[in-house]
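Chain by chain, the residues run as shown.
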Amino acid sequence: MKNSRLEIEAVGARLGAVIHNVDLTAEISDGEKDELRRALDDHQVIVFPEQDLTPDDQKEATRIFGPLLPSDTFFDHLDDDPEVEIVINDENTPPTGTAQWHADLTWAAEPPGGTSLYSRVIPKGKGDTVWASMTAAYDSLSDKMKVYLEDLKVVHSWDMGFPGRQIIFQRGGEHYIEHKTANPPIAQPLIRTHPRTGRKIINANPTFASHIAGIPQPESQGILDFLLSLSARPEFQYRHKWREGTLAVWDNSATQHMAVDDFFPEYRELTRVTFGGHGAPY
Ligand SMILES: [Fe+2]
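Bear in mind the structure is a predicted one, so any value in this text is a computation, not a measurement. (Residues numbered from 1 in each chain as written. Predicted model: local features only at pLDDT ≥ 70, side-chain atom pairs only at ≥ 80, totals over all residues.)

Caption draft 1: View of the overall build of the protein chain. Along the protein chain, the regular secondary structure elements total 7 helices and 17 strands. Over its C-alpha atoms the protein chain spans a radius of gyration of 18 Å, differing by no more than 12% from the 19 Å that the globule rule assigns to 282 residues. Expressed as a percentage of its 282 residues, the buried residues of the protein chain come to 40%. Look at the contacts in the protein chain between residues 6 or more apart in sequence, and 81% of them connect residues 24 or more apart. (Helix = DSSP H or I, 4+ residues; strand = E, 2+ residues; numbered from the N terminus. Rg over C-alpha atoms; globule rule 2.2 N^0.38 Å. Buried ≥ 20, exposed ≤ 12 C-beta atoms within 10 Å, placed from the backbone. Contact = placed C-beta atoms within 7 Å.)

Caption draft 2: Representation of the nonpolar core within the structure. Judged by nonpolar contacts, the single largest core of 53 residues is most densely connected at Val-45, Ile-202, Ala-204 and Leu-247. Once you skip the residues sitting within four places of it in the chain, Ile-202 turns out to touch Met-134, Ala-137, Tyr-138, Ile-191 and Leu-227. (Core = buried A, V, L, I, M, F, W, Y, C linked by C-beta atoms within 7 Å.)

Caption draft 3: Structural context of the sheet that holds strand β16 (residues 255-259). Sheet architecture is open: 3 strands sit in the order β14-β8-β16, paired in antiparallel fashion. With partners counted over all chains shown, the strands left at the sheet margins are β14 (237-240) and β16, one partner each. Neighbour-to-neighbour, the strand axes of this sheet turn through a mean angle of 20°, independent of strand direction. Judged from the 5 bridges that link them, strand β8 (residues 129-133) and β16 form a sheet pairing that is antiparallel. (Pairing = 2+ DSSP bridges. Axes fitted to C-alpha atoms, helices over the stretch in contact; angles between N-to-C directions.)

Caption draft 4: Representation of the sheet that holds strand β10 (residues 186-189). Overall, antiparallel pairing links the 3 strands, which are arranged β10-β9-β13 in an open sheet. Of all the strands in the sheet, just β10 and β13 (209-212) have a single pairing partner and so form its edges. Between one strand axis and the next, the sheet turns by 35° as a mean value, whatever way the strands run.

Caption draft 5: Here's a closer look at the environment of Ser-71. Structurally, the position occupied by Ser-71 is in the loop between β4 (68-69) and β5 (76-77). We classify Ser-71 as buried; it has 20 C-beta atoms within 10 Å. In the structure, Ser-71 is positioned 12 residues away from Glu-83 in sequence and 6.2 Å away in space, judged by C-alpha atoms.

Caption draft 6: Representation of helix α7 (residues 217-229). Under the 1.5 Å per step criterion, the end-to-end length of α7 is 18 Å for 13 residues, consistent within 8% with the ideal 18 Å. Listing the buried residues of α7 in full gives Ile-223, Leu-224, Leu-227 and Leu-228. Take α7 and look down its axis: the buried residues cluster within an arc of 120°, on one side only. In this structure, α7 carries Pro-218, Asp-225, Phe-226 and Ser-229 as exposed residues pointing more than 90 degrees from its buried face. Along its buried surface, α7 packs onto β12 (200-202) and β13. (Expected span 1.5 Å × (residues − 1). Arc of directions from axis to C-beta.)

Caption draft 7: Structural view of the environment of His-194. Among the secondary structure elements, His-194 is positioned in the loop between β11 (191-193) and β12. Those residues within four positions of His-194 in sequence are excluded, and the remaining contacts are Arg-199, Ile-201, Ser-253 and Ala-254.

Caption draft 8: Representation of unusual backbone geometry within the structure. With an omega of 5°, the peptide bond running from Phe-264 to Pro-265 counts as cis. Within the secondary structure, Pro-265 is located in the loop between β16 and β17 (268-275). Residues other than glycine seldom take positive phi values, yet Asn-21 does so here, at roughly 60°. Of note in this structure, Leu-105 is not a glycine but carries a positive phi near 50°. Judged by local crowding, Leu-105 falls into the buried class, with 21 C-beta atoms found within 10 Å.

So this is what it looks like as structure tokens:
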């Protein structure tokens, strides 16, 4: 297929767009790459249907949005390639780690600017992914609340009780200690400014944000519970129904996401590549 002019179709009010008329295995011009980066900034989640991608093709397509980041989460790496993780759910591996709101690796010193996920095997009509815009959530706050939150720091911790930690633990205590030592809890601004769009973001997610620093614990819990309840509001969400051969690319700074846990024990397989370029959130 020859690349024709890109068509960007917004599919949600606050986030989500489908990109038509592009074959990600063909030559993509610099102008089109700029257009795709703009589409990601504007829509936060963009999906490319009907693609036939090898893992190398997925890496190449992901490089449009930023430098690839080798990633060491609880997913296995495909063919020992540190830049491609394989996400498999089946009867032995329920989607517990991914089926709760999170942004990827927010406990890292430099979290990914974004992630690409390519669907290889999908249980028909199930296993959707839902994203929530944390810029839209921020915009909904009162001016008084925005002032209160402005200078607070939130601690992101890999070692919270999220299910992926159990998988690392099962690989051996030494591996767990190594991972924990390499990834200490990290204080970040609760309200972060997006490095590309300048929009403000609620920089917290219930999987990795343990507490707000410097305020009493009940207050921290109450504020976090309120802020994180906003991602449940449908007007801030985009829900993607997967078909095999779709690449989704999302802005990991501006959004949270979760897999819908409705397909266990059916088989679901995706490959995942993360990219940087947003810097450290401080
Ligand atoms: Fe994720």
